[in-house]
Amino acid sequence: MQQWSYRYVGPAELRSLVRPGGEGRSMRSPADFNEWAATRTVEELAEPFTFVVDAAGVLRLAPRRSEHVVCAAGEVVLSAGEISFSEESGRWAVDEVSNQSTGYCPDVSSWPAVAEALDQAGIVRPSGFTHEVVFRRCPACQQLNVVREGDFICVFCDEALPWEWNVDRPRCAGTAHVRRPHGES
């Protein structure tokens, strides 16, 4: 299955928060996740976390109120959103997971990258996002929309929104596809 990468499309002032070493914690194995979880407080574990799946397919986690672009060190991602966990019989499992990231606006089709990263980290997971967010950019007014209840109409100008994901725009005229298969430029 082809994986797409997503570049940051959010406000420039949030990108300016990216600092070397400030990215989310990488979860490359069950040991990484268990070590990280052991250092979280009960209060922290009760809330969702910000996550990204980086271009290498690694899950990165940061506190909930962290910006996705900071968690990703400003780089492209395979997915992004919010995630919560619980421990069941000595194993960690995902309680809820969404693609809710207005900085990257990943398509719901980014789930396979999340599933693979969770499997790599040894975390029991659902079969898909427990809450899917559908992002579209209005071709008429260029505003970012969250499609609710299957209503593909721009909330800003009442124009029809495309059925296909289209959030990212070319950086300049002549730029090829903007949501690229992972590993291609």
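Definitions and limits used
Residues numbered from 1 in each chain as written. Predicted model: local features only at pLDDT ≥ 70, side-chain atom pairs only at ≥ 80, totals over all residues. Heavy atoms only, no water. Phe/Tyr/Trp six-rings, centres within 6.5 Å; stacked < 30°, edge-to-face > 60°. Helix = DSSP H or I, 4+ residues; strand = E, 2+ residues; numbered from the N terminus. Buried < 20%, exposed > 50% of the residue type's maximum accessible area, 1.4 Å probe, protein only. Polar contact = N/O pair within 3.5 Å; in protein donor to acceptor, adjacent residues only side chain to side chain. Contact = heavy atoms within 4.5 Å. Pairing = 2+ DSSP bridges. pLDDT = per-residue confidence, 0-100. Axes fitted to C-alpha atoms, helices over the stretch in contact; angles between N-to-C directions. Salt bridge = Lys/Arg side-chain N within 4 Å of Asp/Glu carboxyl O.

(A) Representation of the packing of aromatic side chains in the model. Enumeration over the complete set of coordinates arrives at ten aromatic pairs. These aromatic residues form a ring-pair network of at least three members: Phe33, Trp36, Phe49, Phe85 and Trp92.

(B) Local environment of the side chain of Ser98. Inspection of the secondary structure puts Ser98 in strand β6 (residues 91-98). Judged by its relative accessible area of 6%, Ser98 falls in the buried class. A distance of 3.2 Å separates a polar side-chain atom of Ser98 from the backbone nitrogen of Gln100. Excluding its chain neighbours within four sequence positions, the residues that come into contact with Ser98 are Phe51, Ala80, Gly81, Glu82, Phe129 and His131.

(C) Looking closely at the environment of Arg65. Of note, Arg65 is situated in the loop between β4 (59-63) and α4 (68-71). By relative accessible area, Arg65 is classed as exposed at 64%. Residues Arg65 and Glu82, 17 residues apart in the sequence, show an inter-C-alpha distance of 9.9 Å. Of note is the side chain of Arg65, whose polar atom sits 2.9 Å from the side chain of Glu47.

(D) Region of the structure containing the pairing of β6. Bridge count between strand β5 (residues 77-88) and β6: seven bridges; the pairing is antiparallel. Bridging across to β6, Glu82 finds its partner in Ser98. Counting the residues in the hairpin turn of β5 and β6 gives two residues, including Ser89, whose phi is positive at 50°.

(E) Structural view of the confidence of the model for the chain. With 90% of its residues at a pLDDT of 70 or more, the chain has an overall mean of 90. In this model residues 170-185 is a low-confidence stretch, pLDDT under 50, and it forms 26 contacts with partners more than four residues away in sequence or in other chains.

(F) A look at helix α5 (residues 111-120). Here α5 has its buried residues at Trp111, Ala113, Val114, Ala115, Ala117 and Leu118. Along its buried surface, α5 packs onto β3 (49-54), β4, β5 and β6. The first or second residue beyond α5 is Gly122, which carries a positive phi of 75°.

(G) Quick look at the sheet that holds β3. In spatial order, the strands read β2-β4-β3-β5-β6; together these five strands make up an open sheet with antiparallel pairing. Lying at the two open borders of the sheet, with one neighbouring strand each, are β2 (25-27) and β6. Sheet twist, expressed as the mean angle between neighbouring strand axes with direction ignored, is 40°. Here β2 pairs with β4 via three bridges, running antiparallel. Bridged to Met27 within β4 is Leu59. Contacting β2, β3, β4, β5 and β6, helix α2 (residues 30-38) crosses the sheet at an angle of about 135° to β2. Along the sheet, α5 makes contact with β2, β3, β4, β5 and β6, crossing β3 at roughly 100°.

(H) How the structure looks around the pattern of salt bridges. Taken as a whole and judged by the stated rule, the model has eight salt bridges. A salt bridge links Glu35 to Arg25, with the shortest nitrogen-to-oxygen separation between them at 2.8 Å. Of the two residues, Glu35 sits in helix α2 while Arg25 sits in strand β2, which places them ten residues apart along the sequence. A relative accessible area of 33% means that Arg25 is categorised as partly exposed. Here Arg125 ties to Asp119 by a salt bridge, and the two come within 2.8 Å at their closest N and O atoms. Given a relative accessible area of 32%, Arg125 falls into the partly exposed group.

(I) Inspection of the pairing of strand β7 (residues 134-137) at higher detail. The pairing of β7 with strand β8 (residues 144-147) spans four bridges and is classified as antiparallel. Residue Phe135 lies in a different strand from β8, and its bridge partner there is Val146. Connecting β7 to the antiparallel partner β8 that follows it, the hairpin turn spans six residues, and Gln142 within it adopts a positive phi of roughly 70°.

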